[in-house]
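As a plain string of letters, each chain reads:
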Amino acid sequence: MAETANSILIVDDDPEITSALARGLALHGYRTICAHRVEEARKRFREDRPGAAIVDVMIGPDSGIELVRELRAEGIRTPILMLSALSEVEDRTVGLDAGADDYIAKPFAFDELVTRLKVQERRARRAGPAPAPRLDPATRTVHGPAASVTLTEREFALLDLLWSHRGEVLSRADLFDRLWAREGTSSENVVDVYIGYLRRKLAPTRDFGFELRTLRNRGFVLEPVADLDG
């Protein structure tokens, strides 16, 4: 799924703050998504692909800084502005070192918050899309801009087949016939097993540039986020 332009993910455990931010951002033409817990925030980053995010330093008992550090380690490049009642230089430094793009201390002027968000959005647009991922048959590795994943021989063969037909729906029978039938494997369920393996290995990193989807009663499709030649 591609990033959703003009969408802002607000991560804060205080419903009043998220509601106030959402109302204010809506007046500036933004669509907002709210998350009150770290687990929910992880899911929203990965599934909704917001154009930018506002993350509080403390999210209930959890650390917003650790959340940002985890997202950056996974290759998630969403512009992130951190909010905190802590305004000491050391506090800002920790947030920026974790991977936040900007840091604003509470209380703040709302117009300043919006301006800072727009600055980060412009920077992200100038940076352009992440480099296209690359499949290396010699090492059975998928190389992305922020991470690499090594697959088993069969996992790589499955991904390579889907990759060569990206954008096309391949049925379970198609995949089974090409990769397993000649070996005498008796059940097409093996396809679902290996699709599951691929998803678990590729899902943590968002910047490989493709999404592996299951279409009910039809099959599987590898949908490129951008044109992935290479």
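Here, the structure is the one placed above.
Residues numbered from 1 in each chain as written. Predicted model: local features only at pLDDT ≥ 70, side-chain atom pairs only at ≥ 80, totals over all residues. Heavy atoms only, no water.

A. Representation of the packing of helix H6 (residues 153-164) against helix H8 (residues 189-202). Between H6 and H8, whose axes approach to 10 Å, the crossing angle comes to 90°. Taken together, H6 and H8 sit at an angle that is classed as roughly perpendicular. Here Arg154, Glu155, Leu158, Leu159 and Leu162 of H6 come into contact with H8, specifically with Tyr194, Ile195, Tyr197, Leu198, Lys201 and Leu202. The residue inventory of the contact of H6 with H8, partitioned by class, reads eight nonpolar, no polar and three charged. (Axes fitted to C-alpha atoms, helices over the stretch in contact; angles between N-to-C directions. Helix = DSSP H or I, 4+ residues; strand = E, 2+ residues; numbered from the N terminus. Parallel < 35°, antiparallel > 145°, perpendicular 65-115°, else oblique. Contact = heavy atoms within 4.5 Å. Nonpolar A, V, L, I, M, F, W, Y, C, P; charged D, E, K, R; others polar.)

B. The nonpolar core, seen in detail. If you look at the biggest cluster of nonpolar residues, it comprises 24 residues, and the most contacted ones within it are Leu159, Leu162, Leu175, Val191 and Leu198. Of all the elements in the fold, those that place two or more residues in this core are H6, helix H7 (172-179), H8, strand S11 (210-215) and strand S12 (219-224). With six residues, the top contributor of residues to this core is H6. Leaving out residues up to four positions away in the same chain, Leu162 has contacts with Leu170, Leu175, Ile195, Leu198, Leu212, Phe220 and Leu222. Core analysis: the second largest hydrophobic core is formed by 21 residues, Leu9, Val38, Leu67 and Ala98 among them. (Core = buried A, V, L, I, M, F, W, Y, C linked by side-chain atoms within 4.5 Å. Buried < 20%, exposed > 50% of the residue type's maximum accessible area, 1.4 Å probe, protein only.)

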